[in-house]
Amino acid sequence: MANVNSDLKLLPPPICSRDESAAVPSAPRPLKIGPVEIGFPVVQAALSGYSDWPMRVIARRLGAPYTIAEVLIDRFVLDLKDRARTKHHLRVTDEEHPVGAQLMGSEPKDFGPAATRLVESGFDVIDINFGCPVKSAVGGCRGGYHLSQPETALEIVSRVRDAVPSDVPVTVKMRRGIDDSDESRDRFFEILDGAFERGVAGVTIHGRTVEQKYVGPSNWDFLREVKQHAGERTIIGSGDVFTAEACLDMLCHTGVDGVSVARGAIGNPWIFRQTQDLAAGREPYSPDLAEQARVLKMQFDLCLQIYDERKALAAIRKHAVKFARLHPHPEETRNAFAAAMSRDSWLAVLETAYGSE
Ligand SMILES: Cc1cc2nc3c(=O)[nH]c(=O)nc-3n(C[C@H](O)[C@H](O)[C@H](O)COP(=O)(O)O)c2cc1C
């Protein structure tokens, strides 16, 4: 297939709305995903092993306008029983809306029924994963593997779009290709355009290739090129947004409609509020130790609502060691959290390190 973008002339970067010389910085445009109003266009990414119900609730309570659950394998969703151990994957509570679920799989036929089950569980948006670079996903013909086979990828999109009600938006998450070859680039645009033709409401693009995994930067110039290609169609950018400044820089540099925060939100659920502050010309909110402890305790309590104590500890430990980066003694605090093996010892670390009750 011809390079669909070979004659695309790159326009200069869009005019930044964040003009430091301006007295009142203009606000970024609100984000919409199909009929779903998101609002401030900086959202929380799907994060396998992290964006469980507690993390999503915390993000929403602290200012994230939209979150996506951890990726789920379609067969796993179809086989899920109403057992305490796993049913939390389908848990959606009122305060979470709008919230997205994400599906990954190999067989197009399994996607539709799995998407239906997620909608019935209360998720507002169904996102399809064509980006996961981990060996087990790519080796199992899932995730990023689909970037090598546009026909199958687009069949998956059609299956999901046909299965879920028309007012539930379907979105796609892609990396910028399998690798840096021209063929990979052509397939990327074939899938992007084909997905929009089949009715997706938006596409999130991580500016790294599958082969690249996490080595080297996310290519924001590519995101800019894709947004120019997409015109009015909704594009959300991903990759290397660790601070409020970076979120606004991505909007400015690339012109994307939204920013998906991934690693930058682990241990800093205030990043959404900080970005909103910065965009409004305010000093970004900086949580003091008491606020950090309050939020950590709140997240632990949420974990205890859905996991047994052992699993709750394992879940909160992963987050707490990242929260520790904001502590004046990060290493000491991180090590103390990592060593806490019971609920009481974890709470004791919180009290000693943060001075909470
Ligand atoms: C621990 C971890 C888990 C992730 N899980 C998912 C996932 O379930 N679904 C997905 O589409 N992307 C997933 N990603 C990719 C991120 O959403 C994001 O695209 C990527 O990390 C680049 O953004 P960043 O550089 O700002 O972290 C994950 C990334 C990390 C680090």
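Basis of the calculations
- What you see as residue numbers is a count from 1 along each chain, following the sequence as written.
- Residue-level local features of this predicted model are given only where pLDDT is at least 70; pairs of side-chain atoms are given and counted only at 80 or more, and the full residue set underlies all totals for whole chains, interfaces and linings.
- The basis for the side-chain values is all heavy atoms of the structure; hydrogens and waters are excluded.
- A run of H or I in DSSP counts as a helix once it spans at least four residues, and a run of E counts as a strand once it spans at least two, with each numbered from the N terminus.
- Atoms counted for the radius of gyration: C-alpha only. Globule rule: 2.2 Å times residue count to the power 0.38.
- Exposure is judged per residue with a 1.4 Å probe applied to protein chains only, and the accessible area is read against the type maximum: over 50% gives exposed, under 20% gives buried, and values in between give partly exposed.
- Contacts are assigned to residue pairs that have any heavy atoms within 4.5 Å of one another.
- The Shrake-Rupley method, run with a 1.4 Å probe, gives the accessible areas here. Residue values count only the displayed protein chains as cover.
- Under the counting rule used here, the positive set is Lys and Arg, the negative set is Asp and Glu, and His together with the chain ends is not counted.
- All charge positions are set by atom: Lys at NZ, Arg at CZ, Asp at CG, Glu at CD.
- Proximity criterion: a residue is near a molecule or strand once any of its heavy atoms comes within 4 Å of it.
- A 3.5 Å cut-off defines polar contacts: any pair of N or O atoms within that distance qualifies, except that in protein one atom must be a possible hydrogen donor and the other a possible acceptor, and neighbouring residues in sequence count only when both atoms are side-chain atoms.
- For this classification, Asp, Glu, Lys and Arg are treated as charged, while Ala, Val, Leu, Ile, Met, Phe, Trp, Tyr, Cys and Pro are nonpolar and the rest, including Gly, are polar.
- Residues grouped as a nonpolar core are buried Ala, Val, Leu, Ile, Met, Phe, Trp, Tyr and Cys residues, joined through side-chain atoms within 4.5 Å.
- Take the number of residues in a helix, subtract one, and multiply by 1.5 Å to get its expected span.
- One axis fitted to the seven residues ending at a residue, another fitted to the seven starting there: the angle between these axes is the bend at that residue.
- Arc definition: it is the arc formed by the directions from the helix axis to the C-beta atoms.
- Pairing of aromatic rings covers Phe, Tyr and Trp, the last through its six-membered ring, and needs centres within 6.5 Å; plane angles under 30 degrees mean stacked, over 60 mean edge-to-face, and all others mean tilted.
- Only lysine NZ and arginine CZ atoms are considered, and such an atom sits over a ring when it is within 6 Å of the ring centre and within 35 degrees of the ring normal.
- Strand pairing is defined by DSSP finding a minimum of two bridges between the two strands.
- Look down the strands so they point away from you; if the path from the first strand over the helix to the second goes clockwise, the crossover is right-handed.

(A) Region of the structure containing the overall build of the protein. Summing up its helical and strand segments, the protein has 13 helices and 10 strands in all. Whereas a compact globule of 357 residues would reach a radius of gyration of roughly 21 Å, the protein reaches 20 Å, a difference of no more than 12%. With the principal axes as the frame, the protein shows a C-alpha extent of 65 × 55 × 35 Å. Among the 357 residues that make up the protein, the fraction classed as buried is 55%. Taking all contacts inside the protein whose residues are at least 6 apart in sequence as the whole, residues at least 24 apart take part in 69%. Working note: accessible area of the protein is about 15500 Å², and carbon and sulfur atoms make up 51% of it. Across the protein, the centroid of the 43 positively charged side chains sits 4 Å from that of the 49 negatively charged ones.

(B) Examining the site of the ligand more closely. Close to the ligand lie 18 residues; Ser48, Gln102, Ser238, Asp240 and Arg263 are nearest. Contact distances for the ligand include 2.7 Å between an oxygen atom and a side-chain N or O atom of Ser238. When isolated, the ligand has an accessible area of 610 Å², and the protein chains bury 87% of it. In the shell around the ligand, the residues fall into 8 nonpolar, 6 polar and 4 charged.

(C) Seen up close, the nonpolar core. Counting residues in each nonpolar core, the largest one holds 68 residues, and the members touching the most others are Ile126, Phe130 and Leu192. Non-local contacts of Phe130, meaning those with residues more than four positions away in its chain, are made with Gly143, Gly144, His146, Leu147, Ala153, Ile156, Val157, Val172, Lys173, Met174, Arg175 and Ile191. Counting residues in hydrophobic clusters, the runner-up holds 27 residues, among them Ile306, Ala320, Trp346 and Tyr354.

(D) Examining unusual backbone geometry more closely. Residue Pro98 is reached from His97 by a cis peptide bond, and omega for that bond is 0°. Here Pro98 shows up in the loop between helix 2 (74-79) and strand 5 (99-104). Its identity as a non-glycine residue notwithstanding, Cys141 has a phi of 60°, on the positive side. Assignment of secondary structure puts Cys141 in the loop between helix 4 (135-139) and helix 5 (150-163). Positive phi, close to 50°, is recorded for Lys213, a residue that is not glycine.

(E) Spatial organisation of helix 11 (residues 309-323). The terminal C-alpha atoms of helix 11, which comprises 15 residues, lie 20 Å apart, in line with the 21 Å expected from a rise of 1.5 Å per residue. The largest bend in helix 11 amounts to roughly 25° and is located at Arg317. For helix 11, the full list of buried residues reads Ala312, Leu313, Ala315, Ile316, Arg317, His319, Ala320, Val321 and Phe323. Those residues of helix 11 that are buried are in contact with helix 1 (53-61), helix 10 (289-306), helix 12 (330-339) and helix 13 (343-354).

(F) A look at helix 13. In a regular helix each residue adds 1.5 Å, so 12 residues correspond to 16 Å; helix 13 covers 16 Å between its end C-alpha atoms and thus fits that length. Three or more residues of helix 13 are buried, namely Trp346, Val349, Leu350 and Tyr354. The arc that holds every buried residue of helix 13, seen down its axis, measures 100°, which confines them to one face. In helix 13, the exposed positions that point more than 90 degrees away from the buried face belong to Asp344 and Thr352. Those residues of helix 13 that are buried lie in contact with helix 10, helix 11 and helix 12. Following helix 13 by one or two positions, Gly355 has its phi on the positive side, about 70°.

(G) Structural detail: the packing of aromatic side chains. Throughout the structure, instances matching the rule amount to 7 aromatic pairs. For the pair Phe188 and Phe189, a centre-to-centre distance of 5.1 Å together with 85° between the ring planes defines the contact as edge-to-face. Take Phe188 and Phe189: they sit in the same class, and that class is buried. Among the aromatic residues, ring-to-ring pairing joins Phe300, Phe337, Trp346 and Tyr354 into one connected group. The lysine or arginine in question, Arg273, covers the ring of Tyr285, its NZ or CZ lying 3.6 Å from the ring centre.

(H) Seen up close, the pairing of strand 7 (residues 170-175). Of all 6 residues in strand 7, 6 are buried, a share of seventy percent or more. Burial along strand 7 is two-sided: Val170, Val172 and Met174 and Thr171, Lys173 and Arg175, pointing in opposite directions, are all buried. Two strands pair when backbone bridges link them, and strand 6 (residues 125-130) and strand 7 are joined in this way by 5 bridges, in the parallel orientation. Counterpart to Asn129 in the pairing with strand 7 is Lys173. As paired strands, strand 7 and strand 8 (residues 202-206) are joined by 5 bridges and run parallel to one another. Across the sheet, Lys173 pairs through a bridge with Thr204, a residue of strand 8. In terms of handedness, the path from strand 7 via helix 6 (residues 182-197) over to strand 8 forms a crossover that is right-handed.

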